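# Structural overview for review
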Amino acid sequence: MSSGTRAIITLWKRELLRFLRAKSRIIGSLGMPFFFLLFLGTGLGSTFSFGSMSYMQFIAPGIIGMVLLFASVFSGVTVIMDRQFGFLKEIMVAPVPRWAIVTGKTLGGMTTAIIQALLILLILPLLGVNLDYGGLGIALLLMALISAGFVALGIAIASKMEDMHGFQIIMNFLIMPMFFLSGALFPLDNLPGWFKGVTMIDPLTYGVDGLRYAFLGTSHFPLWMDFGVLIAFTLLAVGAGSFLFSQRN
Amino acid sequence: MAAIETNRLTRKFGELTAVNRINLQVQEGELFGFLGPNGAGKTTTLNMLCTLLAPTSGSARVNGFDVQSQPDEVRRSIGMVFQDPSLDEELTGWENLELHAEMYGMRNAAPRIHEMLQLVDLEEKRNNQVKEYSGGMKRRLEIARGLIHHPRVLFLDEPTLGLDPQTRRHIGEYVKKMNRKEKVTVILTTHYLEEADNLCDRIAIVDYGKVVALDTPKKLKKKHGGGTLEDVFIKLTGREIREEKGNAMEGFRARVRAMRR
């Protein structure tokens, strides 16, 4: 095994260990999606429905997209904490290539984000939401792409930030708008033109749309388009993340 | 072959020359003290020697490897204990050392990890998370970690900073023990001059990026009018207080601010 491969596995393992050890973080991160599903689903669901589909069922794939978005970006941004607590230096002085460090971090972030998404999937039946689990294979592929892209985006952001103080700005002006514009909470069919345009430049839109296809059998865009845009976004984000990370360090 | 050899090693940050054409030779097995006031260029020099920072000009070889053209070889052959803590506090002591061993491509590292933990008296605490460790324990763990992969040179950047005299004394003894037992060359920076006097075979005093004195502690004291090493240090580097401790860029910014006033 090359030194790069070993480093990737080691750093991947580290992310998992840290994640499993932070029980409160896992519970905390599942709180918001759970309440979105329960309160929005019930509250708005009493007024809206889509044919045979309940509103809660409609937003369920969107909420999974939200979990992936939040967990992934946060995981990438923890590079800042690694830097602040000095751990990053220990890795930087080790005889391993920089790309291996970024890859290990990304794989670790992807894994923890997907675990959180799967936990939401487990909660769904308790809320009376039934999804088509036949699409789980496609869904997992989409989850991998979504999480890879957003972890890398987090790493790119982290490379441009000094400390965690700026995270609130990123949260409110980038992450939340990306979530709200993604069509997680509303269908894209009848949107006014300008608004539709904005939703279409949001990469998460295609993630949520693809997940909706996988779990509900219905989507706004064709599946190949969802995959195509996500792959392009992920490649771009991974490129930017690796470049900015190497440049900074 | 010298463990460390620098040839007109220089590093500039904008207008400030943090390290100015330093020529150093450290022999294998030496316990070498690298002293100087804050902002003198100690950490900058160490960062260049451990390949984290590229020299502006000049060159340096560590264990015969060039820091610029053979960074991986240099990294594999050195251990580093940074000025600021660099442990993963969520992991246990054992996990931190294991992670390090894996990053350095070691196989079956467990016996070596045990050995190092015993050497710094942390074997019993190995399964505690590092956040439960005291400052001195963290320092010892870092020293053990720096030695796991059998480096030939160990850099210790102010390893005793902020520790009480008891812990400092202990760490000093560990460092000496490592130096003798592992036959590892040690480069040590510290502000505790008594400690340097007790531990080091030879000492370099740097100021404003230049070596102003280099000799055994004994000869330094003799040559510069007796007294303690601290007297020699003050005599050579002056009484003026330097800017707050920080990285070289902060030092640079502080000087720029001072010049504008």
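Refer to the structure printed above.
Treat the numbers as computed from the prediction; the structure is a model and nothing was measured. Along every chain, residues carry numbers that run from 1 in the direction the sequence is written. A letter from A marks each chain and a number from 1 marks each ligand, given out in the order of writing. Since the coordinates come from a predicted model, pLDDT governs what is reported: local features require at least 70, and pairs of side-chain atoms require 80 or more to be given and counted, while whole-chain, interface and lining totals use all residues. Here the side-chain values reflect all heavy atoms present in the structure, with hydrogen atoms and water set aside.

### Remarks on the pairing of strand β10 (residues 210-215) of chain B
Residues and elements named next belong to chain B. How we decide: At least two DSSP bridges between two strands are required for those strands to pair. Numbered from the N terminus, helices here are DSSP runs of H or I no shorter than four residues, and strands are runs of E no shorter than two.
The pairing of strand β9 (residues 202-207) with β10 spans five bridges and is classified as antiparallel. The partner of Ile-205 across the bridge, within β10, is Ala-213. The loop that links β9 with its antiparallel partner β10 comprises two residues; one of these, Tyr-208, has a positive phi angle of about 50°.

### Things to note about the sheet that holds β9(B)
Residues and elements named next belong to chain B. To keep things clear, this is the line we draw: Only the stretch in contact is used when fitting a helix axis, every axis being a line fitted to C-alpha atoms; angles between N-to-C directions are given from 0 to 180 degrees. By the convention used here, residues are in contact when the closest approach between their heavy atoms is within 4.5 Å.
Pairing is mixed across the open sheet formed by six strands, whose spatial order is β6-β7-β8-β3-β9-β10. Bordering the open sheet on either side are β6 (78-81) and β10, each of which pairs with just one other strand. Between one strand axis and the next, the sheet turns through 15° on average, direction left out of account. Packed on one face of the sheet, helix α9 (residues 229-237) meets β3 (31-35), β9 and β10 and runs near 30° to β9.

### Some details on the interface of chain B and chain A
Going by this rule: We define buried area as the total accessible area lost by two parts upon association, computed with a 1.4 Å probe and summed across both. We define a salt bridge as a side-chain nitrogen of Lys or Arg found within 4 Å of a carboxyl oxygen belonging to Asp or Glu. N or O atoms closer than or at 3.5 Å make up a polar contact, with two conditions inside protein: a donor-capable atom paired with an acceptor-capable one, and, for residues adjacent in sequence, both atoms drawn from side chains. Following the grouping adopted for this structure description, the nonpolar residues are Ala, Val, Leu, Ile, Met, Phe, Trp, Tyr, Cys and Pro, the charged ones are Asp, Glu, Lys and Arg, and the polar ones are all others, Gly among them.
In this assembly, 27 residues from chain B lie in contact with 22 residues from chain A. Between chain B and chain A lies a buried interface of about 2300 Å² when both sides are counted; carbon and sulfur atoms form 55% of it. Among the residues of chain B in contact with chain A, B:Arg75, B:Glu102 and B:Met103 are the three that bury the most area, contributing 28% of the side total. Joining chain B to chain A, the criterion identifies five salt bridges. The partner of A:Arg21 in a salt bridge is B:Glu95, with the nearest N and O atoms 2.8 Å apart. The interface formed by chain B and chain A includes eleven residue pairs in polar contact (both at pLDDT 80 or more). Residue contributions to the side of chain B that touches chain A peak at six residues, all from helix α3 (residues 93-103) of chain B. Looking at the side of chain B that touches chain A residue by residue, the class counts come to eleven nonpolar, six polar and ten charged.

### Quick look at unusual backbone geometry
All names here are of chain B. The condition that has to hold: Burial classes follow relative accessibility: with a 1.4 Å probe on protein chains only, a residue under 20% of its type's maximum area counts as buried, one over 50% as exposed, and anything between as partly exposed.
Unlike most non-glycine residues, Arg-21 shows phi in positive territory, near 50°. The topology assignment puts Arg-21 in strand β2 (residues 16-26). Arg-21 gets classed as partly exposed once you look at its relative accessible area, which sits at 48%. Unusually for a residue other than glycine, Lys-183 sits at a positive phi of about 50°. Relative to the helices and strands, Lys-183 resides in the loop between α6 (165-181) and β8 (185-189).

### Topic: the packing of helix α6 (residues 136-160) of chain A against helix α7 (residues 167-181) of chain A
Residue and element names in this part refer to chain A. The criterion, for reference: If an angle is under 35 degrees, it is roughly parallel; if it is over 145, roughly antiparallel; if it lies from 65 to 115, roughly perpendicular; otherwise it is oblique. Working rule for handedness: look at the near helix, and if it is turned counterclockwise from the far one by less than a right angle, call the crossing left-handed; if clockwise, right-handed.
One can describe the packing of α6 onto α7 by two numbers: an axis separation of 13 Å at closest approach and a directional angle of 160°. Relative to α7, the element α6 lies roughly antiparallel. Both α6 and α7 take part in a crossing whose hand is right-handed. In this structure, α6 uses Phe-150, Leu-153 and Ile-157 to contact α7, whose residues at the interface are Ile-170, Leu-174 and Met-178.

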